[in-house]
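Tertiary structure, described
So the chains spell out like this:
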Amino acid sequence: MAHIELNLSDVRSFLSAEPESLQKRVNEIHKTIHEKTGLGNDFLGWVDLPKTYDKEEYKRVLDAAKRIRKQSQVLVVIGIGGSYLGAKAGLEFLNVPFKKNKLEIVFAGHHMSGSYLAKLVEYLKNKRFSINVISKSGTTTEPAIAFRVLKKELEERYGKEEAKNRIYSTTDQKRGALYTVSKENGYEMFVIPDDVGGRFSVLTPVGLLPLEASGINTKQILKGALDAYKRFSKPNLANNEAYLYAATRNLLYKSGKKIEMLVGYEPNLLFLNEWWKQLFGESEGKDHKGLFVASAGFSTDLHSLGQYIQEGERHLFETVIQVSNTGDDVMVPEEENDLDELNYLKGKPLSFVNAQALKGTMMAHHDGEVPNILLTIPTFDAYTFGYLVYFFEKACAMSAYMIDVNPFNQPGVEAYKKNMFALLGKKGYENILK
């Protein structure tokens with residue numbers, strides 16, 4: 001039995017063909033993925049990762065996480081894109097709102113705001129902290145600047161000898177600026193596998209070290225991913241929800257839907273949305289192809305985007321994540337005067353009200369000609385997070401290959417960098433703007 005449920009009842013009437021009609025194409029792509037013969041095949045290491053991950057390195061991750069919790073009050077995770085979004089998504093998905101953990105995880109190097117970094121340095125002044133810097137090359141501008149600044153702060157606070165024991169680098173196994181700096185200074189190093197790209201790296205030390213350090217049970221994350229790996233190891237659409245999702249969104253794309261919105265009704269899902277946007281946006285959006293991926297947090301965004309979704313251009317569809325059991329709850333109390341007219345809800349849990357908002361919105365959007373894919377997960381736990389990560393990774397590879405693009409490169413990401421380097425006066429870029 002699947003750990004997550006995919007419901008297409010609000011989609012099928014919009015399709016010109018059943019998703020199951022794509023079974024032959026799915027079979028071919030599945031073979032391409034598992035035999036590693038397609039475009040970008042040198043970055044398919046994530047496919048078997050839940051089974052083949054380095055067990056000895058994972059033990060070092062567990063040990064390092066214990067040391068970090070012992071030595072520090074704050075862990076600063078430095079990275080951008082896939083080097084931070086997976087860990088951030090996991091933290092938001094699994095942490096209890098308003099609960100203060102013994103170790104606080106904060107992020108840097110995911111943008112170039114001087115104000116943010118200055119305030120972070122000030123915030124760390126009276127706190128014991130460690131750094132986990134994540135970069136395959138070590139030369140990506142945003143994290144490289146943040147690492148320079150925070151490494152200087154750490155060395156001035158503790159001296160170089162003690163600072164090196166508080167810096168953990170996650171980088172390439174053999175090469176690159178961060179690899180060289182880490183070797184020269186004796187930082188503990190963890191590996192980003194050569195055959196795993198950043199946006200597929202959640203189940204490597206990129207995501208596992210910050211998550212484990214925060215107190216999350218990463219063994220359960222890996223167990224969830226392994227069970228998803230087993231579930232999705234066969235291409236039959238009757239038993240492979242990841243491929244069925246990919247086939248459905250492909251048919252919607254071919255029918256003229258150009259935008260997919262990932263929608264959730266719980267705040268814990270907001271950064272899963274952000275990770276998902278990078279995963280699909282960077283994997284599919286090339287060669288002038290691919291769905292534009294967006295996200296929303298309902299019911300909040302029903303008071304902003306809801307009008308457009310209901311009555312704007314009919315060029316989008318929604319994938320809605322429903323959570324069966326959200327944990328703690330509150331009951332709607334009774335008021336004697338009932339001025340807000342809510343007594344009809346007295347004694348009902350707020351989760352029930354939220355569930356009806358989800359159902360009612362799906363009905364309205366369906367009537368407004370917006371297809372809705374419904375993805376139901378049981379709860380917010382580590383096992384489900386790992387399962388969901390692998391579900392989306394497998395679906396993403398299938399989706400990208402279905403539109404004949406390389407899921408694992410990102411040539412367009414470099415365009416802004418060339419112009420930025422020229423404007424900043426970096427050597428070798430002088431003629432870019434001429």
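Heads up: the structure comes first, above all this text.
In short, a report on the structure. No experiment lies behind these values; they were computed from the predicted model shown. (Residues numbered from 1 in each chain as written. Predicted model: local features only at pLDDT ≥ 70, side-chain atom pairs only at ≥ 80, totals over all residues. Heavy atoms only, no water.)

**A short note on the sheet that holds strand 7 (residues 259-264)**
Across the sheet, 5 strands lie side by side as 1-10-9-7-8; this open sheet has mixed pairing. Strands with a single pairing partner mark the edges of an open sheet, and in this sheet they are strand 1 (5-7) and strand 8 (292-297). Here the average twist between neighbouring strands, direction ignored, is 20°. Here 7 bridges tie strand 9 (residues 316-325) to strand 10 (residues 372-379), and the two strands are oriented parallel to one another. The residue of strand 10 that forms the bridge with Ile-321 is Leu-375. (Pairing = 2+ DSSP bridges. Helix = DSSP H or I, 4+ residues; strand = E, 2+ residues; numbered from the N terminus. Axes fitted to C-alpha atoms, helices over the stretch in contact; angles between N-to-C directions.)

**Side note on the environment of Glu-335**
When you line up the elements, Glu-335 lands in the loop between strand 9 and helix 14 (350-367). Sequence separation of Glu-335 and Lys-346 is 11 residues, and the distance between their C-alpha atoms is 8.5 Å.

**Some thoughts on empty space enclosed by the protein**
Over the atoms, a rolling probe the size of a water molecule traces out where space has been left empty. According to the stated counting rule, one finds 1 cavity of 30 Å³ or more in the structure shown. In this structure, the largest cavity occupies an estimated 50 Å³ of space. If you trace the largest cavity, you find it lined by Ala-246, Arg-249, Asn-250, Tyr-253, Glu-284, Leu-291, Ser-399, Met-402 and Ile-403. For the lining of the largest cavity, the secondary structure elements donating two or more residues are helix 11 (241-254) and helix 15 (382-402). For the lining of the largest cavity, the element with the most residues is helix 11, which contributes 4 residues. Looking at the lining of the largest cavity, its residues break down into 5 nonpolar, 2 polar and 2 charged. (1 Å grid on protein atoms, 1.4 Å probe; cavity = no way out; pocket = protein on both sides within 12 Å on 5 of 7 lines; lining within 4 Å. Points joined across faces, edges and corners; volume = space filled by probe spheres on them. Nonpolar A, V, L, I, M, F, W, Y, C, P; charged D, E, K, R; others polar.)

**Digging into the packing of helix 4 (residues 85-94) against helix 12 (residues 270-284)**
Relative to each other, helix 4 and helix 12 sit at 155°, their axes nearing to 7 Å. With respect to helix 12, the element helix 4 is oriented roughly antiparallel. Crossing geometry of helix 4 relative to helix 12 is assigned as left-handed. Of the residues in helix 12, those in contact with Leu-85, Gly-86, Lys-88, Ala-89 and Glu-92 of helix 4 are Phe-271, Leu-272, Glu-274, Trp-275 and Gln-278. Classifying every residue of the contact of helix 4 with helix 12 gives 5 nonpolar, 2 polar and 3 charged. (Parallel < 35°, antiparallel > 145°, perpendicular 65-115°, else oblique. Left-handed = near helix turned anticlockwise from the far one by under 90°. Contact = heavy atoms within 4.5 Å.)

**Regarding helix 10 (residues 218-231)**
Between its first and last C-alpha atoms helix 10 spans 20 Å; for 14 residues at 1.5 Å apiece the expected length is 20 Å, and the two agree. The secondary structure elements touched by the buried residues of helix 10 are helix 2 (49-52), helix 3 (55-71), helix 4, helix 9 (205-213) and helix 15. Capping the start of helix 10, Asn-217 holds a side-chain oxygen 3.1 Å from the backbone nitrogen of Lys-219, two or three residues further along. (Expected span 1.5 Å × (residues − 1). Polar contact = N/O pair within 3.5 Å; in protein donor to acceptor, adjacent residues only side chain to side chain.)

**Notes on the side chain of Asn-240**
Here Asn-240 lies in the loop between helix 10 and helix 11. From its side chain, Asn-240 meets the backbone nitrogen of Tyr-243 in a polar contact 3.0 Å long. Among all residues touching Asn-240, those that are not within four sequence positions of it are Phe-232, Lys-234 and Pro-235.

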